[in-house]
Amino acid sequence: MNRDEILEIVMGYRPIDDNFMNLIFKNNKPLVEYVLRIILDKEDLIVETSETQFDLNIAGSHGLMLDVFAKDASGKSYNIEVQRADKGALPQRARYHASAIDVTELAKGSEYEDLPDTYVIFITENDVLKGNIATYTIERTIKELGEPFADGTHIVYVNAAYQDISTAIGKLIHDFVCKNASDMLCDPMAEITRHYKETTEGVNIMCKAVEDYGKKERQEGIIETIKEFIKDGTLSIDKISEIVKMPVDEIRKIAATL
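Just so it is clear, the model here is predicted, and its values are computed rather than measured.

### Some thoughts on the sheet that holds strand β5 (residues 135-138)
- Ordered in space as β1-β2-β3-β4-β8-β5, the six strands form an open sheet in which the pairing is mixed. Where the open sheet ends on each side, the last strands, each with one partner, are β1 (47-56) and β5. Strand-to-strand twist in this sheet, taken as the mean axis angle between neighbours without regard to direction, amounts to 20°.
- One ladder, built from eight bridges, connects β1 with strand β2 (residues 64-72); its direction is antiparallel. Within the sheet, the bridge partner assigned to Leu 56 lies in β2 and is Leu 64.
- Helix α3 (residues 29-40) rests against β1, β2, β3 (77-83), β4 (118-124) and β8 (153-159) of the sheet, and its axis sits at about 95° to β1.

See below:
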């Protein structure tokens with residue numbers, strides 16, 4: 001891609017797009033705090049720590065990379081995920097995120113009551129739960145009593161297809177699907193978007209991120225092709241190496257994973 005093509009991609013990004021979200025929330029506790037306060041309607045929430053692309057490395061389990069993982073002053077955990085595809089917002093996925101966080105949060109020898117509350121928040125491009133409301137809060141209840149089962153697990157779906165800018169959550173939703181800082185309604189969202197799209201420093205960072213992502217996708221595509229060649233069994237390792245322009249030793253490492 002040339003510079004103009006990359007710039008076109010950059011200018012089309014919205015906060016609900018993975019690549020842009022990772023940048024605007026990176027090292028930006030105030031923005032994470034701002035978004036959590038609005039979504040959860042907790043004006044006094046104070047974010048102590050925040051990380052993007054947080055790797056929950058659980059040995060022997062399905063890997064999980066969290067878009068945003070934060071903790072507040074009381075130790076509660078918060079996971080924010082943007083999900084453009086409906087399949088990415090399956091209830092089972094939300095359940096897995098909450099469970100995986102629990103596993104990492106309870107140290108060996110700790111008591112179960114020490115497990116902090118967790119909030120898994122999916123910001124979805126479509127109204128996947130079909131209720132035509134801004135947010136859906138899912139918490140366990142005792143079915144027969146109709147009372148809360150207070151296990152500390154909270155799942156929230158934010159419907160980015162919702163259109164009503166008369167409320168704080170409506171304004172935030174509007175900004176998550178907005179391309180231009182000048183059209184945004186929340187100052188913190190507009191400010192960080194303006195930095196990455198209207199300043200030389202920010203635009204350069206964005207362009208590099210797009211280039212790096214393109215290289216990563218190409219590399220992943222090559223690896224998938226190598227795996228298919230190996231599974232097929234028709235070509236030798238040497239021949240595969242010649243075709244994909246990758247050292248034989250690297251091909252053998254990939255083969256060892258199959």
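### What about the pattern of salt bridges?
- All told, the structure shown has twelve salt bridges when counted by the stated rule.
- Two residues, Arg 84 and Glu 125, come together in a salt bridge whose shortest N-O distance is 2.8 Å. Here Arg 84, found in the loop between β3 and α4 (91-105), pairs with Glu 125, found in the loop between β4 and β5; they are 41 residues apart in sequence, far enough to count as distant.
- Here Glu 125 falls in the buried class, since its relative accessible area comes to 18%.
- Its salt-bridge partner being Arg 252, residue Asp 249 comes within 3.7 Å of it at the nearest N-O pair. Of this pair, Asp 249 and Arg 252 are both found in helix α9 (residues 248-256), three residues apart, which corresponds to roughly one turn of the helix.
- On the basis of relative accessible area, Arg 252 is assigned to the partly exposed category, the value being 47%.
- Three or more residues are tied together by salt bridges with common partners; here these are Arg 14, Asp 17, Arg 84 and Glu 125.

Reading the values: rules and limits
- Residues numbered from 1 in each chain as written.
- Predicted model: local features only at pLDDT ≥ 70, side-chain atom pairs only at ≥ 80, totals over all residues.
- Heavy atoms only, no water.
- Pairing = 2+ DSSP bridges.
- Helix = DSSP H or I, 4+ residues; strand = E, 2+ residues; numbered from the N terminus.
- Axes fitted to C-alpha atoms, helices over the stretch in contact; angles between N-to-C directions.
- Contact = heavy atoms within 4.5 Å.
- Salt bridge = Lys/Arg side-chain N within 4 Å of Asp/Glu carboxyl O.
- Buried < 20%, exposed > 50% of the residue type's maximum accessible area, 1.4 Å probe, protein only.

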